[in-house]
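# Summary of the model geometry
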Amino acid sequence: MRGAGFDIPPGRSEIGRQAGVAILLDDRDVSRRHAVLDRAGGRVVLADLGSTNGTWVNSGGCTPTTGATGSSCATGTRCGSGR
């Protein structure tokens, strides 16, 4: 799934391995409920949900953050944590 792209619908979208999340990632380094995207208008805010391996925006660790157009985000150890 490395490098996969996803459309982000308006509203709240959870990311993880658990059935029923908006963006399902089949990756053992991703937590069941890993992170959440909140999209309103032209803004998208990404927040980690206490995941084990972290969430990354443009290769930096994630605190609740608003991404600029073209920003990339990653989850888990194989996608940017450097472990």
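As the structure is a prediction and not an experimental result, all values here were calculated from the model.

## Here we look at the pairing of strand β3 (residues 35-40)
Side-chain positions along a regular strand alternate between the two faces of the sheet. One ladder, built from 5 bridges, connects strand β1 (residues 11-16) with β3; its direction is antiparallel. If you follow Ser-13 over to β3, its bridge partner there is Leu-37. Bridging between β3 and strand β4 (residues 43-48) involves 6 bridges; their strand directions are antiparallel. Paired with Ala-35 across the strands is Asp-48, a residue of β4. What sits between the antiparallel neighbours β3 and β4 is a turn of 2 residues, in which Gly-41 has the positive phi angle 60°.

## Some points on the pattern of salt bridges
In this structure the tally under the stated criterion is 3 salt bridges. Of the charged contacts, one joins Glu-14 and Arg-33 as a salt bridge, the two residues approaching to 2.8 Å between their closest N and O atoms. Separated by 19 residues along the polypeptide, Glu-14 in strand β1 and Arg-33 in the loop between β2 (23-24) and β3 bring together distant segments of the chain. Relative accessible area serves as the criterion here: at 18%, Glu-14 is assigned to the buried category. Since its relative accessible area comes to 39%, Arg-33 is described here as partly exposed. Asp-29 is the partner of Arg-28 in a salt bridge, and the nearest nitrogen-oxygen pair spans 3.4 Å. Given a relative accessible area of 67%, Arg-28 falls into the exposed group. On the basis of relative accessible area, Asp-29 is assigned to the buried category, the value being 8%. Taken together, the shared-partner salt bridges connect Arg-12, Glu-14 and Arg-33 into one network.

## Details of the nonpolar core
Taken as a class, soluble globular proteins show a tendency for nonpolar side chains to be buried jointly. In terms of nonpolar packing, the biggest core is built from 8 residues, these being Ile-15, Ile-23, Leu-25, Val-30, Ala-35, Leu-37, Leu-46 and Val-57. Ignoring any residue separated from it by four or fewer positions in sequence, one finds Leu-37 in contact with Ile-8, Gly-11, Arg-12, Ser-13, Ile-15, Ile-23, Val-44, Val-45 and Leu-46.

Rules behind the numbers
Counting of residues starts from 1 at the beginning of each chain's written sequence and follows it residue by residue. For this predicted model, a pLDDT threshold of at least 70 governs which residues receive local features, and a threshold of 80 or more governs which side-chain atom pairs are given and counted, while totals over whole chains, interfaces and linings are taken from all residues. Working from all heavy atoms in the structure, the side-chain values ignore hydrogens and water. Think of it this way: DSSP has to see at least two bridges between two strands before they count as a pair. Each helix is a run of H or I in the DSSP string that is no shorter than four residues. Each strand is a run of E no shorter than two, and both are numbered from the N terminus. Here a salt bridge means any side-chain nitrogen of Lys or Arg lying within 4 Å of a carboxyl oxygen belonging to Asp or Glu. Burial classes: relative accessible area under 20% of the type maximum marks a residue as buried, over 50% as exposed, and values in between as partly exposed (1.4 Å probe, protein chains only). Buried residues of nine kinds, namely Ala, Val, Leu, Ile, Met, Phe, Trp, Tyr and Cys, make up a nonpolar core once their side-chain atoms join them within 4.5 Å. We call two residues in contact whenever any of their non-hydrogen atoms come within 4.5 Å of each other.

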